[in-house]
Amino acid sequence: MLIIAVTFNIRPESVGDFREAILKNAATSLADEEGCNLFDVCEAADGIFYLYERYTNDDAFNIHLKSSHFLAFDKLVAPWVETKKIERYTLISPV
């Protein structure tokens with residue numbers, strides 16, 4: 001299993017819009033992408049969002065990155081993002 005962890009720092013005036021957009025993106029990913037097994041969205045009080053995504057493999061994640069809903073999300077939120085950090089892991093102990 002492939003784990004993708006993403007941390008966003010969002011401009012204060014855009015937090016509400018980002019929250020709405022990322023929740024829609026997460027729900028669509030889970031509903032429409034066979035290889036997306038988990039998509040948790042976490043929010044800190046200071047405009048920081050943390051995503052924890054679980055994909056079957058690299059191919060499933062690449063399908064996500066090329067999906068129309070992800071590309072639209074990425075374009076929409078780009079002006080709201082101050083920083084974005086993406087980390088990749090391999091799940092070695094599934095629960």
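For the structure, see preceding data.
Summarised in this report is the structure supplied together with it. What you see is a predicted model; the values in this text were computed from it and never measured.

Thresholds, definitions, all that
Residues numbered from 1 in each chain as written. Predicted model: local features only at pLDDT ≥ 70, side-chain atom pairs only at ≥ 80, totals over all residues. Heavy atoms only, no water. Phe/Tyr/Trp six-rings, centres within 6.5 Å; stacked < 30°, edge-to-face > 60°. Helix = DSSP H or I, 4+ residues; strand = E, 2+ residues; numbered from the N terminus. Buried < 20%, exposed > 50% of the residue type's maximum accessible area, 1.4 Å probe, protein only. Axes fitted to C-alpha atoms, helices over the stretch in contact; angles between N-to-C directions. Parallel < 35°, antiparallel > 145°, perpendicular 65-115°, else oblique. Contact = heavy atoms within 4.5 Å. Nonpolar A, V, L, I, M, F, W, Y, C, P; charged D, E, K, R; others polar. Salt bridge = Lys/Arg side-chain N within 4 Å of Asp/Glu carboxyl O. Pairing = 2+ DSSP bridges. Polar contact = N/O pair within 3.5 Å; in protein donor to acceptor, adjacent residues only side chain to side chain.

## Quick notes on the packing of aromatic side chains
Inspection of every chain in the model, using the stated rule, returns five aromatic pairs. The interplanar angle of 55 degrees and the centroid separation of 4.9 Å between the aromatic rings of Phe-8 and Phe-18 together place this pair among those described as tilted. Here Phe-8, found in strand E1 (residues 2-10), pairs with Phe-18, found in helix H1 (residues 15-32); they are ten residues apart in sequence, far enough to count as distant. Exposure remark for Phe-8: the relative accessible area of 3% places this residue in the buried category.

## Some details on the packing of helix H2 (residues 58-66) against helix H3 (residues 68-77)
Across the interface, H2 lies against H3 with an axial gap of 5 Å and an inter-helix angle of 60 degrees. One element, H2, and the other, H3, form an angle in the oblique class. Here His-64, Leu-65 and Lys-66 of H2 lie close against H3, whose contacting residues are Ser-68, His-69, Phe-70 and Leu-71. In terms of residue class, the contact of H2 with H3 is built from three nonpolar, three polar and one charged.

## So, the pattern of salt bridges
Under the defined criterion, the tally for this structure stands at five salt bridges. In this structure, Arg-11 engages Glu-82 in a salt bridge whose closest nitrogen and oxygen atoms are separated by 3.8 Å. One end of the pair, Arg-11, is in the loop between E1 and H1; the other, Glu-82, is in strand E4 (residues 81-90), with 71 residues separating them in the sequence. Judged by its relative accessible area of 31%, Arg-11 falls in the partly exposed class. By relative accessible area, which is 41% here, Glu-82 ends up partly exposed.

## Looking at the packing of H1 against H3
Interaxial distance between H1 and H3 falls to 10 Å at its minimum, and their mutual angle equals 170 degrees. Considering their axes alone, H1 and H3 lie roughly antiparallel with respect to each other. Of the residues in H3, those touching H1 at Phe-18, Ala-21, Ile-22, Asn-25, Thr-28 and Ser-29 are His-69, Phe-70, Phe-73, Leu-76 and Val-77.

## A closer look at the pairing of strand E2 (residues 36-43)
Across seven bridges, the pairing between E2 and strand E3 (residues 48-55) is antiparallel. Looking across to E3, one finds that Glu-43 is bridged to Phe-49. Hairpin connection, E2 to E3: the antiparallel pair is bridged by four residues, and Gly-47 has positive phi, about 80 degrees.

## Some thoughts on the side chain of His-69
Along the chain, His-69 turns up in helix H3. A polar contact of 3.0 Å, which involves the side chain of His-69, links it to the side chain of Asn-25. His-69 has contacts with Asn-25, Thr-28, Ser-29, Glu-33 and His-64, leaving out every residue within four places of it along the chain.

By themselves these figures say nothing about function.
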